[in-house]
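# Observations on the three-dimensional arrangement
Here's the letter readout for the chains.
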Amino acid sequence: MKSAVAGIAALAIVVSGCSAAASTPAAVTDAAAPTPIIIYVTPQPASSAETAVEATPVPTVEATPKPTPTPKPTPTPKPTPITYEVLTSRSWAKLVKAPDSYIGDMYKMWGCISQFDAATGLDSFRAQASYRNEAYWYIDGVNAFFSGDADQLAEFVAADIVFMNVEVLGSYTYDTQAGGSTTVPLFLVDVISRRGSC
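You can see arginine 126 is positioned in strand S3 (residues 124-130). Of the side chains with opposite charge, aspartate 117 lies nearest to the buried arginine 126, which makes no salt bridge, at 7.5 Å. A distance of 3.3 Å separates polar atoms of two side chains, one belonging to arginine 126 and the other to asparagine 143. If we skip the residues at most four places from it in the chain, arginine 126 touches Cys112, Ile113, Ser114, Gln115, Asn143, Ala144, Phe145 and Tyr174.

For alanine 159, which is not glycine, the phi torsion reads 80° and is therefore positive. Within the fold, alanine 159 resides in the loop between strand S4 (142-147) and strand S5 (160-175). With a relative accessible area of 29%, alanine 159 lands in the partly exposed category.

A separate point is the pairing of S4. Put simply, side chains in a regular strand alternate between the two faces of the sheet. For S3 and S4, the ladder comprises six bridges, and the chain directions are antiparallel. Looking at the pairing, arginine 126 lines up with phenylalanine 145 of S4. Relative to strand S6 (residues 181-197), S4 runs parallel, the two sharing three bridges. Directly across from phenylalanine 145, in S6, lies its bridge partner leucine 186.

Conventions adopted
- Residues numbered from 1 in each chain as written.
- Predicted model: local features only at pLDDT ≥ 70, side-chain atom pairs only at ≥ 80, totals over all residues.
- Heavy atoms only, no water.
- Helix = DSSP H or I, 4+ residues; strand = E, 2+ residues; numbered from the N terminus.
- Buried < 20%, exposed > 50% of the residue type's maximum accessible area, 1.4 Å probe, protein only.
- Lys, Arg positive; Asp, Glu negative; His and termini not counted.
- Salt bridge = Lys/Arg side-chain N within 4 Å of Asp/Glu carboxyl O.
- Polar contact = N/O pair within 3.5 Å; in protein donor to acceptor, adjacent residues only side chain to side chain.
- Contact = heavy atoms within 4.5 Å.
- Pairing = 2+ DSSP bridges.

As structure tokens, then:
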């Protein structure tokens, strides 16, 4: 822009000089008037620094993050309560007849412990069992084998009358002191309590 103004000013000075010479009286200027010289000054283009137009910055649009959904807690299933069936005279007789047909079933049961020693171990005992508390255990009870946790059975001994919640494990064969073997129902003791002596 400054170069353009300077060029215009120079042109004005030349034209002004010509005008002054033309206005001089002819008496004073005997010689022929000089031919005016017109000088064209081409304005220099403005520097790129002057003409550069700063680009308007484009604002950066940040993507709005999607909210993370909160996962719903998985409900904890409630444990199914274990129920122990009360046996009748007939259902007890069927269980004693075929214990392998009732594996996994749960029952309430009575017993008179007939053997609980080194031969049976600390976690097992043999008893005269029944679906009820018998008056004559060695007549009305049925020979059966019971297994459980040693700590749970630690306080029980032979001749104790016990009331139990048990699970049927099937049949069990063991050697007798007479040198033979016998097969009896086998039960897993879940809960046991002492109810007297037999």
